[in-house]
Amino acid sequence: MTSIDLNADLGEGFGRWRLTDDEQLLSVVTSANVACGFHAGDAATMRRVCEQAAERGVRIGAQVSYRDLAGFGRRAMDVPSDELSAEVAYQIGALTVFARAAGADVAYVKPHGALYNRVVRDEEQAAAVVEGVLLAGAALPVLGLPDSRLLDLAGGAGLPVVTEAFADRAYTAEGTLVPRGREGAVLTGPEAVVKRAVGLAVSGVVASHCGRDIAVRARSLCLHGDTPGAVDLARRVRAGLESSGVRVEAFV
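Remember, it's a predicted structure, so these values are computed and weren't measured experimentally.

Definitions and cut-offs
Residues numbered from 1 in each chain as written. Predicted model: local features only at pLDDT ≥ 70, side-chain atom pairs only at ≥ 80, totals over all residues. Heavy atoms only, no water. Salt bridge = Lys/Arg side-chain N within 4 Å of Asp/Glu carboxyl O. Buried < 20%, exposed > 50% of the residue type's maximum accessible area, 1.4 Å probe, protein only. Axes fitted to C-alpha atoms, helices over the stretch in contact; angles between N-to-C directions. Helix = DSSP H or I, 4+ residues; strand = E, 2+ residues; numbered from the N terminus. Parallel < 35°, antiparallel > 145°, perpendicular 65-115°, else oblique. Left-handed = near helix turned anticlockwise from the far one by under 90°. Contact = heavy atoms within 4.5 Å. Disulfide = S-S within 2.5 Å.

Chemist: So what's going on with the pattern of salt bridges? Which residues, and what values?
Modeler: Scanning the model with the defined rule gives 17 salt bridges in all. Ionic pairing is found between Asp-68 and Arg-75, a salt bridge with its closest N-O pair at 2.5 Å. Residue Asp-68 is classed as buried on the basis of its relative accessible area of 2%. Assessed through its relative accessible area of 46%, Arg-75 is described here as partly exposed. One connected set of salt bridges, linked through shared partners, spans Asp-9, Lys-110 and Glu-164.

Chemist: Just give me the short version of the packing of helix 2 (residues 43-56) against helix 3 (residues 81-101), but keep the residues and values in it.
Modeler: Close contact between helix 2 and helix 3 brings their axes to 8 Å; oriented N to C, the two are set at 45°. Viewed along their axes, helix 2 and helix 3 adopt a mutual orientation that is oblique. Crossing handedness for the pair helix 2 and helix 3: right-handed. Where helix 2 abuts helix 3, its residues Ala-43, Met-46, Arg-47 and Cys-50 lie against Ala-94, Leu-95, Phe-98 and Ala-99.

Chemist: Let's hear about the state of the cysteines: which residues, and what values?
Modeler: Tallied over the full model, the rule gives 0 disulfides. For the unlinked cysteine Cys-36, the closest cysteine sulfur is that of Cys-50, found at 8.4 Å.

Below is the structure:
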C-alpha cells in the first residue's frame, strides 16, 4: 500500500494573536511543522503545540526561518552564513526544550517561507541551514523540495532527507513553487486540492502552472495552516487519500 506523511505549519501565532487552528489540525495531520519564534510563534505557543502534538502522537518538526516576524518569514533576506547557521540551531534548540518537556522530541527540520525557497538553488544558504542542523547536535531529517540544493547537501552531510510536495501550491515547469505574489500560486478550492494531493501520493505527478505535467516524488505532503478553511481542507485531503488506498502515516 502506498503511504504518505501529511504535515501542516502550526504554532503560527504570537502572544494573544493566533493564526492557525492548531488543536483541530493536530487531529488530522501526522507531522507538525512548529514555528520557532522567528517568523511566528513564541515560548507559550511552542509549549502548547508540543504538548498537544505529543498527546496525539503527531511528530514535531522545527520550522526554522529567517528572523522576520513583521514579514512572516516570507520576505527575501540576505543573512551571513555563520549568522544563519547559528539562528537555525537556536530555533531547533528552543523547540527541543518544549518537545522534551512534553515527553517527545524534535523529529525533523523544515525551513519556512523565503528561506525554504532560497535553499532550493542557493548553495551558500543551503549549506548554512545544514550546518545549523548539525550544530543543534542531532542527525535530524530535513524536509525540502526534490532535487533542491538543501537536500543534496543535507544528504552529503549524513542527514536523512525527506522529499516534500504541496497539495495547495502551484508549481512551475521546473518543479519549484510559483511565487505567492503571482495569481493562482495558492490553491484554495477543496476539490482541486484533494485531487492534487491524491495525484501526488499515487502517481507522483502534478500539473505545472503552464499546464505541463511534471514528476514530483514526495514522502511528505504539506498543507498550509494559514489557508482559509485549513481544517476542513485537511480533513478532506486525508479522507481523499485514504479512500484512494493511501495510508497516511508519519515518515519518522
